[in-house]
Amino acid sequence: MAEPKTKYDRQLRIWGEQGQAALEKASVCLLNCGPTGSETLKNLVLGGIGSITVIDGSKVEVGDLGNNFMLDESCVGQSKAKSVCAFLQELNDAVKAKFIEEYPEALIEMNPPFFSQFTLVVATQLGEEKMIKLDRICREANVMLIFARSYGLTGFVRISVKEHTVVESKPDHFLDDLRLNNPWPELRKFAETFDLNVPDPVAHKHTPYVVILIKMSEEWTNSHGGSLPSTREEKREFKELLKSKMVAIDEDNYKEAIEASFKVFAPPGISSDLQQIINDSSAELSSTSSDFWVMVAALKEFIATEGGGEAPLEGSIPDMTSSTEHYVNLQKIYQAKAEADCLAIEQRVRNNLKKLGREPESISKATIKSFCRNARKLKVCRYRLLEDEFSNPSVPDIQKYLTDEDYSVAMGFYILLRAVDRFAANYNNYPGEFDGPMDEDISRLKTTAVSVLNDLGCNGSTLTEDLINEMCRFGAAELHAVAAFIGGVASQEVIKLITKQFVPMCGTFIFNGIDHKSQLLTL
Amino acid sequence: MIRLFKVKEKQKEDAENNTGGTPVKKQCAGELRLHKDITELNLPEACKISFPNGQDDLMNFEVSIKPDEGYYQNGTFVFSFEVPPIYPHDAPKVKCKTKVYHPNIDLEGNVCLNVLREDWKPVLNINTIIYGLYHLFTEPNHEDPLNHDAAELLRDSPACLETNVRMALQGGYIGDEYFEPVM
Amino acid sequence: MADTAPSRSRDLDKLLLRAGNLVGPTFEPGAELRDDLQEYARILVVGAGGLGCELLKDLALSGFKNLEVIDMDRIEVSNLNRQFLFRMEDVGKPKAEVAAKRVMERVSGVNIVPHFCRIEDKDISFYNDFNIIVLGLDSIEARSYINAVACSFLEYETDDKPREETIKPMVDGGTEGFKGHARVIIPGVTPCFECTIWLFPPQVKFPLCTLAETPRTAAHCIEYAHLIKWDEVHSGKSFDPDDPEHMQWVYSEAVKRAELFGIPGVTYSLTQGVVKNIIPAIASTNAIISAACALETLKIASGCSKTLSNYLTYNGVAGLHIKVTEFVKDKDCLVCGPGVLIELDTLVTLEKFINLLEEHPKLQLAKASVTYRGKNLYMQAPPVLEEMTRSNLSLPLYDLMDKVAKDILHVTGVTGQSDKKTSCLRKLRVVFRGVDGVTDMDMAGGA
């Protein structure tokens, strides 16, 4: 039955069958099922995540009904985990939904091995001390971890994974891999079959811009001592040169060539991002190297040898004005080169596997092909342990954020979100948690914030009174709209981590619900 | 920003006193811009505009073109224009209502004119389109074909195309297709 | 102040009952504010799809009790990956009705009135009953329509300041894959949808001759089958994208064409995507954007924090980027701008009025054509319309405007001296002297 395919149609268009399969295999554990956690899971259950395990030791109170859609009147007094789990199951019967009525804090203390059964843990509304412990547990067990917290009009999301490697990063805008200023022999030969001065106007306006640019860039370098247009003036001149080749004003292929001329100006060779990846010490293989790094090692060799400084060709070309025949031929030339490059990489991968004493066929051809197609877009994300971030802070970065107009509020919230936990540890309640005058809490929070700042090595820095007052006003409230936002972000990052597609965020996301100037802090 | 509840009662009062009542018809932004386009039309003699639904429906109109030169001289060709409410963000939909043997117009009335599709921009206007259509008749081209046969003839033997066009204009068959007289 | 008894609004109370420094200018914290939100605030949610479902939930849990939702669509299987109020057994039912019912079942005390109809089917006055309109739509047309309606309630003072009580705020969200936007529109204060319509990129349209002669991509083959071949084969029968047989036909024609030209990549899924212009959609982005919209709605209604000023873009493709941009109003916007105030006697004829425009110090508008609420009162050109409208010239404008005391007119004409004349389209607010009901306040909307 085609039902699941139709049901997931709108997301399959984003992460494809492979991404969907990865989601359906994954098991996710949620700690605390307040609105932040419940909303995170809701988005994952709708998308067809494999299984969920909801962990919460609390009973449903009336106050919970005001911010959590998964709970209704009939749940009051019952296990929150059970109630939330039942509603989530209703959303998608393809998902295995379980719950455990237990406080996450207790599991963290008493049963660390428990967490190793999951693909990923989403820890919501957890205090700092428990976050640090859980972080260590998950890191050791190689379980992906996401922290999420809603607090009044602020909150944060933070990923903690030792290393996350992405092949299909699917960036929004990325320079096409056309090799216009460095064509390989077959492409050059194809370009040579064209005469840009062809008298037939139909032939003239159906010459693909790739051919125009290859020929014109060659003409340019020949008359400029082998160098490409580099100054603004030269680039302008190059465009003028293209324009002068037009025989009619409505020649779309020439217009496209002028618009795409920047693709000629890009220097050949690999990007600094990719250079960094192939220089990474993980590219020196060992018995524990992951498939990703085995392929990176092959890529590194390829770039140094057959590739002549280039990554394997991507093999696809954008649409461009052309006759069908020329376009299809051009496509074939690019595809053939991409396949040849891929074959070379594949051989190197097989050799590397053999050298490591692994089954040479253990990485599938399809995986290698995808790796080659995306070689220029590889991403490696590494996350510090929370403990490391807290005990070994990057003082210059923090100070920069504190004084930067766009970041100071987000950085302030980062500090205050830590300060409220410290406050709670000292005074057994959150600032402003209970009704009544707040003056004492405000001054205590201020002192606590200063001590957090001092511990971060930012002696002398302060936060604005307004922000501290605001944090006390929040009184640890979990507002539904904020929780839905934070939960939305957390679920999106879960999907990126599990599908291994797109690039997860690389720092701490701080939500600013006051004026929405939320920021990602890399600390 | 908004004193929602303070103004509540006042708003009610106003509603009761409102002199205008509910408007009968509301004009969308596209209609206003079109109004401007229409009053500024500066058409060649050969083009006439008409409003089949009367003076208050500018969004649907017809343009008839009677070329005064070229292969299509003295034929009359009617185009229907359907202007969307978010005009000029989107281009009008234009179809040729008269069946014509033309390299750039197919037998269903689809027209290959760049400003109607890929090259439409909000700074363009109705005048631009009508001029574009007019030029299709005075200078048909074989480079953007919608009627493959006609385009090929135009390229390889313009004289044959001219013969065919004249035949079609007077009413008759070109191959299997019958064309009503339009002269 | 707050009761000690267990309360549903335990968390929300912190924000609504406590004073703060980073709040809106109108914020008056207290239990009364919370109760007023519940009792008096009336919110319309336009669209019950991916955003609409989330919005209804978010608003119902943000202190609002009087909600209405309007949507003309029925539930489809492909909605279920994100429109969480719908189940498989709801497929085929009206979205607005099911969404309203589900939220009311779960959040006690909330009343949601569904409207299963097109937005154009409602009287303009329907929209005036709401304090805030929240938009969860996927089309420019619908946004533009609601924007025009909301702006039509706006009135200006004689000094061109918007009359506060006529302002109908809108909160608008939109998503596409991992990307989205949320914005706050306070007509007369911040840019309206029409002021910034250029923010929406035009839809890509392939040249017809490319489809007919030089197809290169799978999409070209599909559009050929859809736009050209269909009409050729099915003379007169229009294509229905929701008819699976029609879609199947387009798909198989596209496959044939692709084979003919050696073009790879035509699939049924791509065919649907191209023909219906399907925008990929996921639960998380909808949740994020809706939450931002709901939060702004709460802030506009209560003043409990600052409001978004005024346009948020969200991108979660790589990392997470949120950017807030403060766009500026187009002061001459035909939809939300004040227009030029003109006072007239009821006896002034249309012809006299047109002459007055030329002498008017602010306008100096010659050769004016005049349109009033879709009626073209006088058109200078083309001749065919001039002839049709000429007889109006001798009639009093007051009569031509259905004897309303004050209303909006639009005129086009030319301004400037002989050497550099420019054509322009202007909005006028016309007030007739000595007619009952006219105060010094003047209506400005009605675009």
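Looking at an unreviewed UniProt entry, one finds chain C named NEDD8-activating enzyme E1 catalytic subunit and attributed to Citrus clementina. Per its UniProt entry, chain C bears the Sequence similarities (unreviewed entry) comment "Belongs to the ubiquitin-activating E1 family. UBA3 subfamily." Within the UniProt record for chain C, the comment given under Function (unreviewed entry) is "Catalytic subunit of the dimeric E1 enzyme, which activates NEDD8."

By the naming in an unreviewed UniProt entry, chain A is NEDD8-activating enzyme E1 regulatory subunit, taken from Citrus clementina. The annotation that UniProt attaches to chain A under Pathway (unreviewed entry) is "Protein modification; protein neddylation." According to the UniProt record, the Sequence similarities (unreviewed entry) comment for chain A reads "Belongs to the ubiquitin-activating E1 family. ULA1 subfamily."

Q: Help me understand the overall build of chain C, please; the structure alone is not making it clear to me.
A: Counting its secondary structure elements, chain C contains 14 helices and 15 strands. Summarising its shape, the C-alpha atoms of chain C cover approximately 75 × 65 × 40 Å along the three principal directions. Here chain C holds 447 residues, and the buried ones make up 55% of them. Considering only residue pairs separated by 6 or more positions, chain C has 65% of its internal contacts joining residues 24 or more positions apart.

Q: Explain the overall build of chain A to me, please; I cannot follow it from the model alone.
A: When helices and strands are tallied, chain A shows 23 helices and 10 strands. In terms of principal-axis extent, the alpha carbons of chain A reach across some 85 × 55 × 45 Å. The buried share among the 523 residues of chain A stands at 48%.

Q: What am I meant to see in the sheet that holds strand 14 (residues 422-432) of chain C here?
A: To summarise the sheet geometry, strands pair through backbone hydrogen bonds and adopt either a parallel or an antiparallel arrangement. Pairing is mixed in the open sheet, where 5 strands are placed in the order 10-14-13-11-12 (chain C). Looking at strand neighbours, the two that pair on one side only are strand 10 (340-344) and strand 12 (375-378) of chain C, the edges of this open sheet. The sheet shows a mean angle of 35 degrees between the axes of neighbouring strands, taken without regard to direction. Here strand 13 (residues 406-415) of chain C pairs with strand 14 of chain C via 10 bridges, running antiparallel. Looking at the pairing, C:Gly413 lines up with C:Cys424 of strand 14 of chain C. Sheet contacts for helix 2 (residues 29-39) of chain B: strand 11 (366-372), strand 13 and strand 14 of chain C; angle to strand 13 of chain C, the most-contacted strand, approximately 35 degrees. Strand contacts of helix 12 (residues 350-359) of chain C: strand 10, strand 11, strand 12 and strand 13 of chain C, with the helix running at about 125 degrees to strand 11 of chain C, the strand carrying the most contacts.

Q: I tried to follow the UniProt feature "active site" (unreviewed entry) in chain C on my own but got confused; where do I start?
A: In this numbering, the UniProt entry assigns the feature "active site" (unreviewed entry) to C:Cys209. Structurally, C:Cys209 is set in helix 7 (residues 208-213). Excluding its chain neighbours within four sequence positions, the residues that come into contact with C:Cys209 are B:Cys112, B:Asp144, B:Pro145 and B:Leu146.

Q: I keep staring at the interface of chain C and chain A and nothing clicks. Help me out?
A: Accessible area lost upon the coming together of the parts serves often as the stated size of an interface. Each partner contributes residues to the interface: chain C has 62 residues there, and chain A has 70 residues. At the level of secondary structure, the elements contributing two or more residues to the side of chain C that touches chain A comprise helix 1 (10-17), helix 3 (50-60), helix 11 (283-302) and strand 9 (321-325) of chain C. Top element by residues in the side of chain C that touches chain A is helix 11 of chain C. It accounts for 9 residues. Of the residues that constitute the side of chain C that touches chain A, the class distribution is 33 nonpolar, 18 polar and 11 charged.

Q: What am I meant to see in the domain arrangement of chain A here?
A: Each domain of chain A was delimited in the assignment, giving domain 1 (3-166 + 479-521), domain 2 (185-265), domain 3 (272-382) and domain 4 (386-474). Summarising the inter-unit geometry, the C-alpha centres of domain 2 of chain A and domain 4 of chain A are found 59 Å apart.

Q: What is the right way to read the nonpolar core from this model?
A: Grouped burial of nonpolar side chains is what soluble globular proteins tend to show. By size, the foremost hydrophobic cluster in this structure holds 194 residues, and its most contacted members are A:Val28, A:Leu120, A:Val122, C:Leu56 and C:Val134. Counting residues in each nonpolar core, the second largest holds 90 residues, with B:Ile129, B:Leu161, C:Ile354 and C:Val430 among its members.

Q: Explain the sheet that holds strand 1 (residues 47-50) of chain B to me, please; I cannot follow it from the model alone.
A: All names here are of chain B. The sheet built from 4 strands is open, its strands ordered 1-2-3-4 with antiparallel pairing. Looking at the sheet topology across the chains shown, the edges are occupied by strand 1 and strand 4 (93-96). With strand direction ignored, the average angle separating the axes of adjacent strands in the sheet is 20 degrees. Bridge count for strand 3 (residues 77-82) against strand 4 is 4 bridges, and the pairing is antiparallel. Each residue of the ladder has a partner; that of Glu 82, found in strand 4, is Lys 93.

Q: Hey, could you run me through the packing of helix 21 (residues 439-455) of chain A against helix 22 (residues 465-474) of chain A in this one?
A: Packed helices, taken two at a time, are described by the angle their axes make and the gap between the axes. Residues and elements named next belong to chain A. Relative to each other, helix 21 and helix 22 sit at 120 degrees, their axes nearing to 9 Å. Between helix 21 and helix 22, the crossing angle belongs to the class labelled oblique. Crossing geometry of helix 21 relative to helix 22 is assigned as right-handed. Two secondary-structure elements touch here, helix 21 through Asp 441, Ile 442, Leu 445, Lys 446 and Ala 449 and helix 22 through Ile 468, Asn 469, Met 471 and Cys 472. Of the residues contributing to the contact of helix 21 with helix 22, the split by class is 6 nonpolar, 1 polar and 2 charged.

The rules we used
- Residues numbered from 1 in each chain as written.
- Chains lettered and ligands numbered in written order.
- Predicted model: local features only at pLDDT ≥ 70, side-chain atom pairs only at ≥ 80, totals over all residues.
- UniProt positions renumbered as here; feature names shortened; annotations may be inferred.
- Helix = DSSP H or I, 4+ residues; strand = E, 2+ residues; numbered from the N terminus.
- Buried ≥ 20, exposed ≤ 12 C-beta atoms within 10 Å, placed from the backbone.
- Contact = placed C-beta atoms within 7 Å.
- Pairing = 2+ DSSP bridges.
- Axes fitted to C-alpha atoms, helices over the stretch in contact; angles between N-to-C directions.
- Nonpolar A, V, L, I, M, F, W, Y, C, P; charged D, E, K, R; others polar.
- Domains from an automatic or database assignment.
- Core = buried A, V, L, I, M, F, W, Y, C linked by C-beta atoms within 7 Å.
- Parallel < 35°, antiparallel > 145°, perpendicular 65-115°, else oblique.
- Left-handed = near helix turned anticlockwise from the far one by under 90°.

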